[in-house]
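The lines below spell out each chain.
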Amino acid sequence: MDDKEKQLLQRLLSLFKIEAGEHLKAISSGLIELEKAGPEKQPEILEVIYREAHSLKGAARSVNLQKIAALCQSMENVFSALKGREIQATIQLFDVLHKAVDKIESLSTAAEEKTASGVGALVQVLENVIKKPSIEQEPVRVEKEETSDPIPEPPSLPIPDPRPPTPDPRSPIPGTSSLPLSPSLPSSETIRISTHKLDSILFQAEELLTVKITSGQRLAELREMRTSLNQLKKEWSGFKRSGEPLFLSPFEGQLTTLLKAAEYDHRSLGGMVDSLLDEMKKILMLPFSTLSDQFPKVVREISREMGKEAEMIVTGGEIEVDRRVLEEMKDPLTHMVRNCLDHGIEKVGERKRKKKPVRGKILLTITSKNGNKLEIVLSDDGAGIEATRLKTAALQHGLLSREEIEKLSEGEVTSLIFRSGLTTSPIITELSGRGLGLAIVREKVEKLGGRIEVESGPDAGTLFRMVIPLTLATFRGVLVTVSGYPFILPTNNVERVVRTKKEEIKTVENRETVLLDGRVLSLTRLEDVLELGSGVGGQGSGIRDQGSGGWDQGSGSSRFLNTDLRSPNPDPYLSLVVLGSAEKRMAFQVDAVLQEREVLVKPLGNQLSRVRNIAGATVLEGGVVVPILNVVDILKSAVRVGGTPAGLKKAIIPEKRRSILVVEDSITARTLLKNILSTVGYAVRTTVDGLDAVAALRTQKFDLVVSDIQMPRMDGFDLVENIRGNNKFPDLPVILVTSLESDQDRRRGIEVGANAYIVKSSFDQSNLLEVVRRLI
């Protein structure tokens, strides 16, 4: 195979990966629908996924991926048998089909197909389904690993003919091939192009927004000139002189002509820029189903692992959203769906006891709001959030004092789930228990300029409501000045702008407060939060050009900003901006609130990927660069400036070297754990089994125990029971690190009183250290 053939094959493989992803997504969604559908809808769904599997098989054969083709052929046979009612659809059969889809996905993304294993076993199981329709009585078993694959590797095949293959009559798109192998132009209706190229075009189109804003500013300047000219004419006539100065008439005519031309240009340019941006945004907009289609399968797999029954229903997936927003929301939504399963949906027996439907429901609803907002509502019909458990957890983790907890309203108690470090899970696992997930979710949502709320009650389920922007490129912002600097505050976080008299500012518990709408809000000066000092030459930001006597104005900046705002203001009124994020509200004093406007967000670049209090920047007319403030950071910084408000005090842990007991019979695992823990400064003692550990606990005090489960003489479960039954250390944290990963073993770990359960197959050094830090 020469270099040209290799390059062609690589291009074909790249195209195949994209096409395979589309087919697999359709098959996976179809399997979920098929499992829930009634007899009347099943034939239609079967026909769709049968065609998808057939098209994927043809595409795989075109690029010599024989293992994928073999799996697709076996799936086709199963779908055909289901269509002919030769076999019955069972839960076990769906498990195998989902495993086949996962295996094809891993094969399609692998560097070399030879590295895959387990294909032969899956093919054999699928073929046995057809040969033995009694699959319902004979559970399907698929081995996780396979040392040899019964499917022989075919000899090296020649590169396929680059001419378009004959269309398959069963292809889901009539008249098109399963893989666009032809080097000629693709269909006129669709084209594949790198998102990187599209992003580059969008960013350049967004730059035109600055040109539009500048054009509007130039038009405003011309209007000011005409106003000045009219004023001059009035003053001239006040001297009782007849006629006008000779030089004014031609000047006025030229100005009128120029003004009309500028108005026309601004309207034309503004219309073209807005139209171009809208069209470019539409190109990069994807249906929300691009993200949400994976969740029903995730719910099915995790619920079965946990011994629960649950289904997910998604509505509004057709609404289109900026691809960048979808990417930012992928991890938060995935975590929240897992959270609904782990903390919300009860096990089958408990749901029966509560007289609920055996199968729990998770609903994801997406709706468009006000044209430029997206509302995401995720709810479940599970156990709900118990306020008592949240209060207890907050107290145990030192997040709040007992007095502070008693002062919280019902809504404030529920919002505690967003606090970092708070969890109600009885044990830490790879899925939950660290108390970080929902805190990260809120941080992601607020980073997008959105907000998140939660509603819940005992046995009433839990509902999360998120409102986020449809696109990230532009947003509305409030332009303010602070110590002579211009700043932009996101309109979404500005709850109110108000002017109040100085005497209305009261001091309560050494903090300035203001009464607005019947609420007492903490008040602080934004210049103190930003460490700007007072007047020219303040320290902290580096934005101001001190040599110029003010912030770097640039060309034309003085036309819309009054630099005299730096001087003391004799006005008895103060300008306040009320900022809000989640449950936090605070008032900030600024020099002046100038206007609300549309701004184009520009990142700070890789060199300044994270700057406290700053979310980005924008360029206003005249080339003035103005920072966009990060309201979440501002509220946190305000706490440091004005003292710690109620609810944010944390327990102070004395500094000392912590001692850890490692209980492990394998010398390799024992040495590994000791090295990991010793490297970061813990004092580590090792023992070989449970009895040895009990003896060590009698002679030495430890802050934490890390133990295996399967050990001679006394296993890990018995060791935890022994520790919990001893009055000397009933609260000693215990982490079980084991190869046992069944749900039954996890439940046993909870029952005996372990604090964390880490499976060795997914063991990660940073994961272990994070759990250790949380527990001690």
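Everything discussed here concerns the structure shown above.
Being a predicted model, the structure only gives us computed values, none of them experimental.

This brings us to the overall build of the protein. Helix and strand counts for the protein stand at 22 helices and 25 strands. Counting only residues that meet the buried cut, the protein has 45% of its 776 residues in that class. Considering only contacts in the protein between residues 6 or more positions apart, those separated by 24 or more positions represent 69%. Summed over all atoms, the accessible surface of the protein reaches about 40600 Å², with 51% contributed by carbon and sulfur.

Hydrogen bonds between backbone groups are what pair the strands of a sheet, and the pairing can be parallel or antiparallel. Read across the open sheet, the six strands follow the order β10-β16-β17-β13-β12-β11; overall the sheet is mixed. Among the strands making up the open sheet, the edge pair consists of β10 (494-501) and β11 (506-508). Taken over all neighbouring pairs, the strand axes of this sheet differ in orientation by 40° on average, direction set aside. Judged from the seven bridges that link them, strand β16 (residues 573-581) and strand β17 (residues 584-590) form a sheet pairing that is antiparallel. Paired with Leu-579 across the bridge in β17 is Met-586.

Scanning the model with the defined rule gives one aromatic pair in all. Taking the centre distance of 6.1 Å and the plane angle of 70° together, the rings of Tyr-485 and Phe-487 count as edge-to-face. On the basis of relative accessible area, Phe-487 is assigned to the buried category, the value being 1%.

Peptide bonds are trans in most cases, and residues, glycine excluded, mostly fall at negative phi. The backbone phi angle of Asp-459 is positive, close to 60°, even though this residue is not glycine. Despite not being glycine, Asn-613 shows a phi value in the positive range, around 75°. Summarising the element assignment, Asn-613 is placed in the loop between β18 (592-600) and β19 (614-620). Judged by its relative accessible area of 4%, Asn-613 falls in the buried class.

Quick look at helix α4 (residues 91-109) now. For α4, with 19 residues, the first-to-last C-alpha span of 27 Å sits near the 27 Å given by 1.5 Å per residue. Buried within α4 are the following residues: Leu-93, Phe-94, Asp-95, Val-96, Leu-97, His-98, Ala-100, Val-101, Ile-104, Leu-107 and Ser-108.

Let's shift gears to the sheet that holds strand β6 (residues 451-456). If you walk across this open sheet you meet the five strands as β2-β4-β5-β7-β6, and the pairing is mixed. Both outer strands of the open sheet, β2 (310-315) and β6, are each paired with one neighbouring strand and no more. In this sheet, adjacent strand axes meet at a mean angle of 15° when their direction is disregarded. As defined by bridge partners, strand β5 (residues 373-380) adjoins strand β7 (residues 462-469) across eight bridges and the pair is classed as antiparallel. Paired with Val-377 across the two strands is Arg-465, which belongs to β7. Of the strands in this sheet, β2 and β4 (360-369) are in contact with helix α9 (residues 295-305), which crosses β2 at around 170°.

Calculation rules
- Residues numbered from 1 in each chain as written.
- Predicted model: local features only at pLDDT ≥ 70, side-chain atom pairs only at ≥ 80, totals over all residues.
- Heavy atoms only, no water.
- Helix = DSSP H or I, 4+ residues; strand = E, 2+ residues; numbered from the N terminus.
- Buried < 20%, exposed > 50% of the residue type's maximum accessible area, 1.4 Å probe, protein only.
- Contact = heavy atoms within 4.5 Å.
- Areas by Shrake-Rupley, 256 points an atom, 1.4 Å probe, with all protein chains shown as cover.
- Pairing = 2+ DSSP bridges.
- Axes fitted to C-alpha atoms, helices over the stretch in contact; angles between N-to-C directions.
- Phe/Tyr/Trp six-rings, centres within 6.5 Å; stacked < 30°, edge-to-face > 60°.
- Expected span 1.5 Å × (residues − 1).

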